[in-house]
Amino acid sequence: MGLADLAVYKAGSISYQVILGKRDLWAPATSAYLSTLRTLYFANSFTMSVFFTVALLAMALPAMAFDMSQSTRCVTIPNQMKVCKDVGYSEMRLPNFLGHTNLEAEVVPRSEDWRPLLQTGCHPQAQVFLCSLIAPVCLDTFIRPCRSLCVAVRDSCAPVLACQGQPWPEALDCDRFPAQEDMCLSPYSKSSHSAKDLPKPACQNCPSVEESPAMKTVLDAFCLHDFAVTAKIHRRRFPLGGPEFEVEGRVEFIRQGPLLPYDTRHLLQQWLLINLQCANILVRPGRSQLYVLTGFVQNDGTLALTRLFPWHKKDINMAVATRKWKHHRCLMD
């Protein structure tokens, strides 16, 4: 196929390529390798702060010190390794590309450190990228992520790390990965205009939280903002692998604006997981709280929440304001 043989894989909505560079080392890897490869489908504030600190420190020292010439063995990906259990293959190499040699003591706990980042949905191929390092697929040769895949994931996920006060790990410096010349995993993207048009969560300054507002204050907020919705936010006391924050039940629209009904619940949940420091002040662990959320969708398509109103049972003004809104006329309209 000229300079490179391409094997394209899909795992659910995730697609990417394996690039087989044309080098003497890979000369024997023709039909046998491709046949093998084509069978694969690559698919509590304390909790999050510990995740970023532990994960970054754990990767800083051994990362990319892996010697490609050292002896490795294939092991089954254990069931408790949830982060990489559904990537489409069942066996991984040890040591992995981060230098971990012990499955139970290093690989499994370090993989779980990255679960909160993956739960933010910062990039659709973040799991593929991280698991290719933590649990590299067990084939006759080593397959690392291409530089282009690293760059794609870094550009989307580094802002999430920055939102938590952490830099992109030096261990994941994209210059350390092959630049489309060796066998590696490359992003395979399909243009989707509908996906590009969807509002996206982003790191932001925390919105104001206003207790027991006057009816006029609430109506003015509805008028001044692109959207206004009601959503019940739940905070798990012990996340145990699930997201710490989630939006319970349906999101009800007061003023829909540019938000889409089928996407808004997921959008708000991602916002909570990205803006964890803001989410921490909204709900106590083990509790749920109903909120009226108002904000804008900015020119770059990112969601910005600006004014939040807790809706307690005693807040009659909130109930009256939402009823009056149907017939309310905003002066600026």
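Residues numbered from 1 in each chain as written. Predicted model: local features only at pLDDT ≥ 70, side-chain atom pairs only at ≥ 80, totals over all residues. Heavy atoms only, no water.

Novice: Talk me through the overall build of the protein chain; I want residue IDs and the actual numbers.
Specialist: Regarding its fold elements, the protein chain presents eleven helices and eleven strands. Going through the 333 residues of the protein chain one by one, you find that 50% of them count as buried. Looking at the protein chain as shown, the accessible area adds up to about 16500 Å², and 53% of this sits on carbon and sulfur atoms. (Helix = DSSP H or I, 4+ residues; strand = E, 2+ residues; numbered from the N terminus. Buried < 20%, exposed > 50% of the residue type's maximum accessible area, 1.4 Å probe, protein only. Areas by Shrake-Rupley, 256 points an atom, 1.4 Å probe, with all protein chains shown as cover.)

Novice: Would you mind going over the state of the cysteines in detail, with residue names and values included?
Specialist: Taken as a whole and judged by the stated rule, the model has eight disulfides. Between Cys150 and Cys174 runs a disulfide, and the two sulfur atoms are separated by 2.1 Å. For the disulfide bridge between Cys150 and Cys174, the dihedral angle about the S-S bond is near -80 degrees, and by the sign convention the bridge is left-handed. One end of the pair, Cys150, is in helix 6 (residues 147-163); the other, Cys174, is in the loop between helix 6 and strand 6 (184-187), with 24 residues separating them in the sequence. Residue classification places Cys150 among the buried positions, given a relative accessible area of 0%. (Disulfide = S-S within 2.5 Å.)

Novice: Account for the sheet that holds strand 9 (residues 245-255), with residues named and values stated.
Specialist: In space, the five strands of this open sheet follow the order 7-11-10-8-9, with mixed pairing throughout. Across the chains shown, the open sheet's two edge strands, defined by having one partner strand only, are strand 7 (208-209) and strand 9. Sheet analysis places strand 7 next to strand 11 (residues 303-310), joined by two bridges and oriented parallel. Across the sheet, Val209 pairs through a bridge with Leu308, a residue of strand 11. Its contacts with the sheet put helix 9 (residues 264-274) on strand 8 (227-235), strand 9, strand 10 (288-297) and strand 11, and the angle it makes with strand 9 is roughly 125 degrees. (Pairing = 2+ DSSP bridges. Contact = heavy atoms within 4.5 Å. Axes fitted to C-alpha atoms, helices over the stretch in contact; angles between N-to-C directions.)

Novice: Account for the packing of aromatic side chains, with residues named and values stated.
Specialist: For any pair of aromatic rings, the description rests on two quantities: the centre-to-centre distance and the angle between the ring planes. This structure, assessed with the given rule, holds three aromatic pairs. Measuring from ring centre to ring centre gives 5.9 Å for Phe129 and Phe177, while their planes differ by 75 degrees; the resulting arrangement is edge-to-face. Here Phe129 is found in helix 5 (residues 126-134), whereas its partner Phe177 is found in the loop between helix 6 and strand 6, with 48 residues between them in sequence. Judged by relative accessible area, which is 0%, Phe129 ranks as buried. Both rings, one in Phe222 and one in Trp325, keep their centres 5.5 Å apart while their planes meet at 80 degrees; by these two values the pair is edge-to-face. Taken together, the positions of Phe222 in helix 8 (residues 215-224) and Trp325 in the segment after helix 11 (316-324) put the pair 103 residues apart, joining distant regions of the chain. The two residues Phe222 and Trp325 agree in class, both being buried. In this structure, Arg93 is placed above the aromatic ring of Phe142, and the distance from its NZ or CZ to the ring centre is 4.6 Å. (Phe/Tyr/Trp six-rings, centres within 6.5 Å; stacked < 30°, edge-to-face > 60°. Lys NZ or Arg CZ within 6 Å of the ring centre and 35° of its normal.)

Novice: Tell me about the pattern of salt bridges, and please be specific about residues and values.
Specialist: Per the counting criterion, the structure on display carries nine salt bridges. Between Glu244 and Arg235 there is a salt bridge; the shortest N-O distance is 3.1 Å. Arg235 carries the same exposure label as Glu244, and that label is buried. (Salt bridge = Lys/Arg side-chain N within 4 Å of Asp/Glu carboxyl O.)

Novice: Describe the packing of helix 8 against helix 11, and please don't skip the residues or the numbers.
Specialist: Where helix 8 meets helix 11, the axes come as close as 8 Å, and the angle between the chain directions of the two elements is 45 degrees. With respect to their mutual orientation, helix 8 and helix 11 come out oblique. When the axes of helix 8 and helix 11 are compared, the crossing they make is right-handed. Note on element contacts: helix 11 touches helix 8 through Asn317, Met318, Val320, Ala321, Thr322 and Lys324, opposite Met215, Val218, Leu219 and Phe222. A per-class count over the contact of helix 8 with helix 11 returns seven nonpolar, two polar and one charged. (Parallel < 35°, antiparallel > 145°, perpendicular 65-115°, else oblique. Left-handed = near helix turned anticlockwise from the far one by under 90°. Nonpolar A, V, L, I, M, F, W, Y, C, P; charged D, E, K, R; others polar.)

Novice: I'd like a rundown of the pairing of strand 8, residues and numbers included.
Specialist: Burial within strand 8 is extensive, with eight of its nine residues counted as buried. Pairing of strand 8 with strand 10, which is carried by eight bridges, proceeds in the antiparallel orientation. Paired with Thr230 across the strands is Val292, a residue of strand 10. With seven bridges connecting them, strand 8 and strand 9 associate as antiparallel partners. Residue pairing across strands places Arg235 opposite Phe245, the latter belonging to strand 9.

Novice: Which residues make up unusual backbone geometry, and what are the values?
Specialist: Cis peptide bonds are those with omega within 30 degrees of zero, and the linkage from Leu94 to Pro95 qualifies with -5 degrees. Summarising the element assignment, Pro95 is placed in the loop between strand 4 (91-94) and helix 3 (103-113).

Novice: Can you tell me about the nonpolar core, naming the residues and giving the values?
Specialist: Ranked by internal contacts, the top residues of the largest apolar core, which has 43 residues, are Met81, Met92 and Phe129. Mapped by element, the contributors of at least two residues to this core are strand 4, helix 3, helix 5 and helix 6. Contact partners of Met81, with chain neighbours within four places excluded, come to Met92, Val107, Val108, Ser111, Glu112, Ile134 and Ala135. Phe227, Ala231, Val251 and Leu282 belong to the second largest nonpolar core, which has 24 residues in total. (Core = buried A, V, L, I, M, F, W, Y, C linked by side-chain atoms within 4.5 Å.)

Novice: Please give an account of the environment of Pro310 that cites residues and values.
Specialist: As for its position among the elements, Pro310 is in strand 11. It is 9.5 Å that separates the C-alpha atoms of Pro310 and Thr230, two residues lying 80 residues apart in sequence. When neighbours within four sequence positions are excluded, Pro310 is seen to be in contact with Val209, Glu210, Glu211, Gln289, Leu290, Tyr291, Asp315 and Met318.

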